[in-house]
Amino acid sequence: MASAKSLEVPAHIAIIMDGNGRWAEQRGLPKIEGHKAGGKAVRRTAEAAWELGVTFLTLYAFSTENWRRSPREVSALMRLLGDTIDDNLDDMMEKGTKLRVIGRKSRIPRSTLAKIEHAIETTRANTNNNLVVALNYGGRAEIADAAQSIATEVAAGKISAINVNEALIARHLYAPDIPDPDLMIRTSGEKRLSNFLLWELSYTELWFTETLWPDFGRSDLEQAIADFKARQRRFGGRK
Ligand code: IPE
Ligand code: IPE
Ligand code: MG
């Protein structure tokens with residue numbers, strides 16, 4: 001009997017980790033407690049992802065729009081981010097995880113940036129899997145930054161305008177060597193992209209869950225992967 005060929009485990013999963021605020025609110029806790037619990041979910045999810053055979057995990061940690069939040073929340077988030085990276089460094093070394101960060105460096109507090117750069121440097125030679133943190137990241141900013149760097153090269157006579165095509169633009173994005181996500185997950189019931197990986201998600205499968213990010217874990221990830229495997233990706237073509 002011919003059986004439908006099922007898809008492999010997605011090599012690259014991207015996640016919009018949403019719902020920390022509502023998680024805290026439901027418990028009568030300050031918002032930052034939701035973000036702290038979200039940090040624990042990151043560790044749990046990354047561990048499960050590697051065990052399930054995922055090799056790239058991109059996590060949306062802070063968007064270019066998140067600066068609109070209160071200065072208090074922004075600085076608490078930045079501090080928490082640096083601390084979470086610090087706390088997970090031994091674990092990343094143990095698991096052979098290479099840390100990458102995509103987004104604009106501008107406006108990131110110096111102490112957070114120092115911790116990130118230290119972790120990037122420390123994990124540089126790791127090859128088992130890749131954790132990509134989107135920080136001060138915006139999909140439109142990424143495309144605009146690529147356009148600016150291409151325009152600069154054209155003006156300098158390094159490339160000619162006629163050679164500007166999709167492949168060239170892709171090479172000017174923040175992480176040109178990383179394959180596009182196979183699966184994008186958003187938690188907390190919201191169904192929008194919120195400026196996440198606009199270029200890279202063009203043919204990504206989408207999966208949404210009501211689960212709030214701090215409650216997310218292995219079983220949610222397994223569910224998302226099982227759903228993904230049952231899908232048919234066509235990329236615009238037909239057999
Ligand atoms: C996601 O949780 C974390 C960040 C955006 C940094 P939220 O803080 O957006 O949580 P909700 O959406 O208010 O519940
Ligand atoms: C998207 O979540 C950004 C991150 C998860 C870092 P938001 O909570 O900021 O998105 P909106 O405001 O609901 O679109
Ligand atoms: Mg939110």
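Just above, that's the structure.
Residues numbered from 1 in each chain as written. Chains lettered and ligands numbered in written order. Predicted model: local features only at pLDDT ≥ 70, side-chain atom pairs only at ≥ 80, totals over all residues. Heavy atoms only, no water.

Colleague: When you look at helix α6 (residues 139–155) in this model, what are you seeing that I'm missing?
Modeller: Residue pairs three or four apart in sequence face the same way in an α-helix, which turns once every 3.6 residues. Between its terminal C-alpha atoms α6 stretches 24 Å, which fits the 24 Å expected from 17 residues at 1.5 Å a residue. Buried within α6 we find G139, A141, E142, A146 and I150. Looking at the buried residues of α6, the elements they touch are β4 (129–137) and α7 (166–171). Of the residues flanking the end of α6, it is G157, one or two places downstream, whose phi is positive at about 80 degrees. (Helix = DSSP H or I, 4+ residues; strand = E, 2+ residues; numbered from the N terminus. Expected span 1.5 Å × (residues − 1). Buried < 20%, exposed > 50% of the residue type's maximum accessible area, 1.4 Å probe, protein only. Contact = heavy atoms within 4.5 Å.)

Colleague: What should I look at first to understand the sheet that holds strand β5 (residues 183–186) in this one?
Modeller: What holds strands together in a sheet is hydrogen bonding between their backbones, with the strands either parallel or antiparallel. Reading across from one edge, β3-β4-β2-β1-β5-β6 is the order of the 6 strands in this open sheet, with parallel pairing throughout. Here the strands that pair on one side only, and so sit at the sheet edges, are β3 (97–102) and β6 (205–208). Strand-to-strand twist across the sheet, computed as the mean angle between neighbouring axes with direction ignored, equals 20 degrees. Pairing analysis gives 7 bridges linking strand β2 (residues 56–63) to β4, with the strands arranged parallel. Note that in β4 the partner of Y60 across the bridge is A134. Sheet strands touched by helix α2 (residues 31–52): β1 (12–16), β2, β3 and β4. Its angle to β2, the strand with the most contacts, is close to 160 degrees. Packing of helix α5 (residues 110–123) onto the sheet brings it into contact with β3 and β4, and relative to β3 it is tilted by some 140 degrees. (Pairing = 2+ DSSP bridges. Axes fitted to C-alpha atoms, helices over the stretch in contact; angles between N-to-C directions.)

Colleague: Is there a simple way to think about the pattern of salt bridges in this case?
Modeller: Opposite charge on two side chains lets them pair, provided their charged atoms get close. The final tally for this structure, using the stated rule, is 21 salt bridges. K95 is paired through a salt bridge with D91; the nearest N and O atoms lie 3.6 Å apart. Taken as a pair, K95 and D91 lie in helix α4 (residues 89–95) at a separation of 4 residues, close to a single helical turn. The class for K95 is partly exposed, based on a relative accessible area of 25%. By relative accessible area, which is 17% here, D91 ends up buried. Between D227 and R231 there is a salt bridge, with its nearest N and O atoms 3.2 Å apart. Classification of D227 by relative accessible area gives partly exposed; the value is 31%. Through salt bridges with shared partners, one network takes in D18, R22, R186, E190 and R192. (Salt bridge = Lys/Arg side-chain N within 4 Å of Asp/Glu carboxyl O.)

None of this, on its own, says anything about what the molecule does.
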